[in-house]
Amino acid sequence: MFAEILKSYYNDGIVKPPLYYYRDIDKNEINVVIHDGDFLHPVEIKTTSDPKKSMVSVFRLLDRIPNKKVSSGALICLAKERLPLIDNVWILPAKMI
């Protein structure tokens, strides 16, 4: 899934995509963080077709990063359709990527 996200940037001519992996000292992880100016867009990738709000609870940790705002995020999974999960986080079917 990460390779597909990366390819979308390469196809747009962006050779240094603003994609990051987040892991803190407590081993909390976010699969992909897209850095867009002052905004951070968190993305979690799961193999489930039954996404839960708890799967994106770690997104709140990005609020600690100074001078950055957490914007819309996504949970990419095997769901059948795009739906809101929580405020500012969408469930995205893997087939859309």
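Residues numbered from 1 in each chain as written. Predicted model: local features only at pLDDT ≥ 70, side-chain atom pairs only at ≥ 80, totals over all residues. Heavy atoms only, no water.

*Asks:* Before we move on, could you go through the overall build of the protein chain and cite the residues and values that matter?
*Replies:* When helices and strands are tallied, the protein chain shows one helix and seven strands. Traced from its N-terminal end to its C-terminal end, the protein chain shows the element sequence α-β-β-β-β-β-β-β. The C-alpha atoms of the protein chain give a radius of gyration of 13 Å, which matches the 13 Å a tight globule of 97 residues would have. Structurally, the protein chain occupies a C-alpha span of about 35 × 35 × 25 Å along its principal axes. (Helix = DSSP H or I, 4+ residues; strand = E, 2+ residues; numbered from the N terminus. Rg over C-alpha atoms; globule rule 2.2 N^0.38 Å.)

*Asks:* How would you sum up the side chain of His41? Please name residues and give values.
*Replies:* Mapped onto the fold, His41 is located in strand β3 (residues 39–45). The class for His41 is buried, based on a relative accessible area of 17%. Only 2.9 Å separates the side chain of His41 from the backbone oxygen of Ser72, close enough to count as a polar contact. (Buried < 20%, exposed > 50% of the residue type's maximum accessible area, 1.4 Å probe, protein only. Polar contact = N/O pair within 3.5 Å; in protein donor to acceptor, adjacent residues only side chain to side chain.)

*Asks:* Explain a nonpolar patch on the surface to me, and be specific about the residues and the numbers.
*Replies:* Among the surface-exposed residues, Met1, Met96 and Ile97 lie close enough to one another that they form a single nonpolar patch of about 260 Å² accessible area. Mapped onto the secondary structure, Met96 falls in the segment after β7 (89–93). (Patch = residues over 30% accessible without salt bridge, like charges linked within 9 Å, V, L, I, M, F, W, Y side chains within 5 Å. Areas by Shrake-Rupley, 256 points an atom, 1.4 Å probe, with all protein chains shown as cover. Salt bridge = Lys/Arg side-chain N within 4 Å of Asp/Glu carboxyl O.)

*Asks:* How would you summarise the nonpolar core if you had to cite specific residues and measurements?
*Replies:* Judged by nonpolar contacts, the single largest core of 15 residues is most densely connected at Tyr22, Ile30, Val33, Val56, Phe59, Leu62 and Leu85. Residue assignment for this core shows that the elements contributing at least two residues are β2 (29–36), β5 (73–77) and β7. The residues touching Leu62, leaving out its near neighbours within four places in the chain, are Tyr22, Ile30, Val33, Leu40, Pro42 and Val70. Grouped together as the second largest cluster of nonpolar side chains are ten residues, Tyr9, Leu19, Val32 and Ala94 included. (Core = buried A, V, L, I, M, F, W, Y, C linked by side-chain atoms within 4.5 Å. Contact = heavy atoms within 4.5 Å.)

*Asks:* Please set out unusual backbone geometry residue by residue, giving values where relevant.
*Replies:* Here Lys27, not a glycine, exhibits a phi torsion of approximately 70 degrees, which is positive. Relative to the helices and strands, Lys27 resides in the loop between β1 (19–23) and β2. Although it is not a glycine, Asn88 sits at a positive phi angle of roughly 70 degrees. The topology assignment puts Asn88 in the loop between β6 (83–86) and β7.

*Asks:* Could you give an account of the layout of surface pockets, with specific residues and numbers?
*Replies:* Computed from the structure, the largest pocket encloses a volume of approximately 200 Å³. Forming the walls of the largest pocket are 14 residues, and the residues nearest its centre are Ile5, Ile34, Val43, Leu92 and Ile97. Mapped by element, the contributors of at least two residues to the lining of the largest pocket are α1 (2–11), β3 and β5. The dominant element in the lining of the largest pocket, judged by the number of residues it contributes, is α1, at four residues. (1 Å grid on protein atoms, 1.4 Å probe; cavity = no way out; pocket = protein on both sides within 12 Å on 5 of 7 lines; lining within 4 Å. Points joined across faces, edges and corners; volume = space filled by probe spheres on them.)

Purely geometric numbers; function is a separate question.
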